[in-house]
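Survey of secondary and tertiary structure
So the chains spell out like this:
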Amino acid sequence: AQSVTQPDIHITVSEGASLELRCNYSYGATPYLFWYVQSPGQGLQLLLKYFSGDTLVQGIKGFEAEFKRSQSSFNLRKPSVHWSDAAEYFCAVGLNNAGNMLTFGGGTRLMVKP
Amino acid sequence: KAGVTQTPRYLIKTRGQQVTLSCSPISGHRSVSWYQQTPGQGLQFLFEYFSETQRNKGNFPGRFSGRQFSNSRSEMNVSTLELGDSALYLCASSVAGEQYFGPGTRLTVT
């Protein structure tokens, strides 16, 4: 069965510091990979996606992620965190070619210190 | 272009009752998926509809059902509510493999 693991439940970083959120997946085929962000009481916003091609993908709000097949990872990075980045981040794997059936990781809650 | 809308945003029901939640996808999107989000289980896929047909289904009991109309709007229904059904129910509409989520309906079962 497909699974997604986000090893860090909580992460606290200082404003201006760099950020890396980890995501590991287990999936038999080439995965469709996504990162979403959720602010309190809100729905999910798509940050970026990987379907194929260049393994380093750029997203919105200055985020990027790198797909590493050998490590089954799709880590999210940002060079300089802003206070407004505080939220919960979810990594997800698409379960079919259309990517319309997602398996989510447990999420990482990011807190930003001033 | 308007985003995904869900109604109602908040709902309080009693155990044993049934509930219907509504989702209007982004114009032109034909696929609608539903997810349940709880603190204990996280985000779990319920089902997906495409052109009025259920295309995928998650591992939920038959009390959870859905449908899609010809205008792509979707409803999900939960019958015989249980306390454990308290959750945020998220709807997403899709195009080209990208899913766009609505704000969710917060269901509380008492």
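Right above here is the structure, for reference.
The structure displayed is predicted, hence computed values, not measured ones. (Residues numbered from 1 in each chain as written. Chains lettered and ligands numbered in written order. Predicted model: local features only at pLDDT ≥ 70, side-chain atom pairs only at ≥ 80, totals over all residues. Heavy atoms only, no water.)

**Re the overall build of chain A**
- Along the backbone of chain A there are zero helices and 12 strands.
- Along its sequence from the N terminus, chain A presents helices and strands in the succession β-β-β-β-β-β-β-β-β-β-β-β.
- The C-alpha radius of gyration computed for chain A amounts to 13 Å, which stays within 12% of the reference 13 Å derived for 114 residues, consistent with globular compactness.
- A principal-axis box enclosing the C-alpha atoms of chain A has dimensions of 40 × 30 × 20 Å.
- Considering chain A as a whole, with its 114 residues, one finds that 47% of them fall into the buried category.
- The contacts of chain A with a sequence gap of at least 6 include a subset with a gap of at least 24, amounting to 53%.
- A total accessible area of about 5300 Å² is found for chain A, and carbon and sulfur atoms account for 48% of it.
- Charge-centre separation for chain A: the mean point of 9 positive side chains lies 2 Å from the mean point of 8 negative side chains. (Helix = DSSP H or I, 4+ residues; strand = E, 2+ residues; numbered from the N terminus. Rg over C-alpha atoms; globule rule 2.2 N^0.38 Å. Buried < 20%, exposed > 50% of the residue type's maximum accessible area, 1.4 Å probe, protein only. Contact = heavy atoms within 4.5 Å. Areas by Shrake-Rupley, 256 points an atom, 1.4 Å probe, with all protein chains shown as cover. Lys, Arg positive; Asp, Glu negative; His and termini not counted. Charge placed at Lys NZ, Arg CZ, Asp CG, Glu CD.)

**Observations concerning the sheet that holds strand β1 (residues 5-7) of chain B**
All names here are of chain B.
- Spatial ordering of the open sheet is given by β1-β3-β8-β7, a layout of four strands whose pairing is antiparallel. The strands lining the two open edges of the sheet, one partner per strand, are β1 and β7 (64-68). For this sheet, the mean angle separating the axes of adjacent strands, direction not counted, is 20°.
- In the sheet, strand β3 (residues 19-24) pairs with strand β8 (residues 74-78) via five bridges, with the strands oriented antiparallel. Within the sheet, the bridge partner assigned to cysteine 23 lies in β8 and is serine 74. (Pairing = 2+ DSSP bridges. Axes fitted to C-alpha atoms, helices over the stretch in contact; angles between N-to-C directions.)

**Some points on the state of the cysteines**
- Summed over the entire model, instances satisfying the criterion amount to two disulfides over all chains.
- Each disulfide pairs two cysteine sulfurs, and for Cys23(A) the partner residue is Cys91(A), the sulfurs being separated by 1.9 Å. Given an S-S torsion of about -65°, the disulfide between Cys23(A) and Cys91(A) has left-handed geometry. Placement of Cys23(A) in the loop between β3 (19-21) and β4 (24-26) and of Cys91(A) in strand β10 (residues 87-94) is noted, with a sequence separation of 68 residues between them. Each member of the pair, Cys23(A) together with Cys91(A), is buried.
- Across the disulfide, Cys23(B) is cross-linked to Cys91(B) (sulfur-sulfur distance 1.7 Å). One disulfide, between Cys23(B) and Cys91(B), carries an S-S torsion of -50° and so falls in the left-handed class. With Cys23(B) in strand β3 and Cys91(B) in strand β9 (residues 87-95), this residue pair connects regions lying 68 residues apart in the sequence.
- On the basis of relative accessibility, which here comes to 0%, the residue Cys91(B) falls in the buried class. (Disulfide = S-S within 2.5 Å.)

**A few points about the pairing of β10(A)**
Residues and elements named next belong to chain A.
- Across the eight residues that make up β10, a large majority, eight, are buried.
- The pairing of strand β5 (residues 32-38) with β10 spans seven bridges and is antiparallel. Bridging across to β10, tryptophan 35 finds its partner in cysteine 91.
- One ladder, built from three bridges, connects β10 with strand β12 (residues 108-113); its direction is antiparallel. Following the sheet pairing, glutamate 88 is matched in β12 by arginine 109.
- Pairing of β10 with strand β11 (residues 102-104) involves three bridges; the strand directions are antiparallel. Bridged to valine 93 within β11 is threonine 103.

**What to know about the interface of chain B and chain A**
- Between chain B and chain A, the contact holds 21 residues from the first and 18 residues from the second.
- Summing both sides of the interface, chain B and chain A together bury roughly 1500 Å²; the carbon and sulfur share of this comes to 51%.
- It is Leu43(B), Gln99(B) and Phe101(B) that lose the most area in chain B upon contact with chain A, and together they represent 33% of the buried surface on that side.
- At the boundary of chain B with chain A, the tally comes to one salt bridge.
- The partner of Glu98(B) in a salt bridge is Lys49(A), and the shortest N-O contact between them spans 2.4 Å.
- Those elements giving two or more residues to the side of chain B that touches chain A turn out to be β4 (31-38), β5 (42-50), β6 (53-57), β9 and β10 (98-101) of chain B.
- When residues of the side of chain B that touches chain A are assigned to their parent elements, the largest contribution, four residues, is made by β4(B).
- Class assignment of the residues belonging to the side of chain B that touches chain A gives a composition of eight nonpolar, eight polar and five charged. (Buried area = accessible area lost by both parts, 1.4 Å probe. Salt bridge = Lys/Arg side-chain N within 4 Å of Asp/Glu carboxyl O. Nonpolar A, V, L, I, M, F, W, Y, C, P; charged D, E, K, R; others polar.)

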